[in-house]
Amino acid sequence: MDNAELERRCSAVLERLSLDAAQYTECVERYGWDSPPVLGCLLALVREAWDEPELYVRSSRDDESWIVCAADHEGRERLMVLRSDPYRASEAEALVVALEAAPESARRPGDGAR
């Protein structure tokens, strides 16, 4: 997936999830799509969308793909995006796919729900 497609998909899902993406938008305009500040903003948005503050993205142990994970209550790693192929070609793609897969019931800013 190219950067333009990732950016389009990301914008669409941020609107659907009603997440405040002002910092993300500013980072994209200032630094470019695949910059470290944008990846940091995407990670923060994914954590908010999933209501998982400990969520992280890492490269696969088996190849050069990327995956979004979190630790369970016993410290074991678990995949956050359960699809037929959760591994993605880039860190940005893994984060956008995680945003797309975020549950609609996730906490929204100001609603106090969990």
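What counts, and where the lines are drawn
The residue numbers shown here count from 1 along each chain, following its written sequence. Only residues with pLDDT of 70 or above have their local features reported here, since the model is predicted, and side-chain atom pairs are shown and tallied only from 80 upward, although totals for entire chains, interfaces and linings are computed over all residues. With hydrogens and water excluded, all non-hydrogen atoms of the structure serve as input to the side-chain values. Numbering of helices and strands runs from the N terminus; a helix is a DSSP stretch of H or I covering at least four residues, while a strand is a stretch of E covering at least two. The contact criterion used throughout is that any non-hydrogen atoms of two residues lie within 4.5 Å. Every accessible area reported is derived by Shrake-Rupley at a probe size of 1.4 Å, with residue values counting cover from the shown protein chains alone. Think of it this way: DSSP has to see at least two bridges between two strands before they count as a pair. Helix axes are fitted only over the stretch in contact, all axes being lines through C-alpha atoms; the angle between N-to-C directions runs from 0 to 180 degrees. Relative orientations are named as follows: roughly parallel for angles under 35 degrees, roughly antiparallel for angles over 145 degrees, roughly perpendicular for angles from 65 to 115 degrees, and oblique for any other angle. It is the rotation of the near helix from the far one that decides the hand of a crossing: anticlockwise by less than a right angle makes it left-handed, clockwise makes it right-handed. Relative accessibility under 20% of the residue-type maximum defines a buried residue, over 50% an exposed one, and the middle range a partly exposed one, all with a 1.4 Å probe and only protein chains included. When residues are grouped by polarity, Ala, Val, Leu, Ile, Met, Phe, Trp, Tyr, Cys and Pro land in nonpolar, Asp, Glu, Lys and Arg in charged, and all others, Gly among them, in polar.

Caption draft 1: Examining the overall build of the protein chain more closely. Across its full length, the protein chain holds four helices and three strands. Secondary structure elements of the protein chain, listed N to C terminal, follow the sequence α-α-α-β-β-β-α. A separation threshold of at least 6 residues defines the contact pool for the protein chain, and within that pool the share at least 24 residues apart is 48%. Entry remark: accessible area of the protein chain is about 6600 Å², with carbon and sulfur atoms responsible for 47%.

Caption draft 2: Seen up close, the pairing of strand β1 (residues 56–59). Bridge count for β1 against strand β2 (residues 66–71) is four bridges, and the pairing is antiparallel. Directly across from Val-57, in β2, lies its bridge partner Val-68. Linking β1 back to β2 in an antiparallel pair, the connection comprises six residues.

Caption draft 3: Quick look at the packing of helix α2 (residues 22–31) against helix α3 (residues 36–50). Packing of α2 against α3 leaves a shortest axis separation of 9 Å and a crossing angle of 165°. Between α2 and α3, the angle is such that the two are roughly antiparallel. The handedness of the crossing between α2 and α3 is left-handed. Facing α2, whose interface residues are Gln-23, Tyr-24, Cys-27, Val-28 and Tyr-31, α3 presents Pro-37, Val-38, Cys-41, Leu-42 and Leu-45.

Caption draft 4: Inspection of helix α4 (residues 91–100) at higher detail. Here α4 lies mainly inside the structure; eight of its 10 residues are buried. Among the residues of α4, those classed as buried are Ala-92, Glu-93, Ala-94, Leu-95, Val-96, Val-97, Ala-98 and Leu-99. At its buried positions, α4 is contacted by α1 (3–17), α3, β1 and β2.

Caption draft 5: Highlighting the environment of Thr-25. Inspection of the secondary structure assignment puts Thr-25 in helix α2. Residue classification places Thr-25 among the partly exposed positions, given a relative accessible area of 37%. Linking Thr-25 and Cys-41, residues 16 residues apart in sequence, is a C-alpha distance of 9.1 Å.

Caption draft 6: Looking closely at the side chain of Arg-9. When you line up the elements, Arg-9 lands in helix α1. Ignoring any residue separated from it by four or fewer positions in sequence, one finds Arg-9 in contact with Met-1, Val-96, Val-97 and Glu-100.

Caption draft 7: View of the packing of α1 against α4. Packing of α1 against α4 leaves a shortest axis separation of 9 Å and a crossing angle of 30°. The orientation of α1 relative to α4 falls into the category roughly parallel. In the packing of α1 onto α4, the handedness of the crossing is left-handed. Note on element contacts: α4 touches α1 through Ala-92, Glu-93, Val-96, Val-97, Leu-99 and Glu-100, opposite Leu-6, Arg-9, Cys-10, Val-13, Leu-14, Arg-16 and Leu-17. Tallied by class, residues from the contact of α1 with α4 come to nine nonpolar, no polar and four charged.

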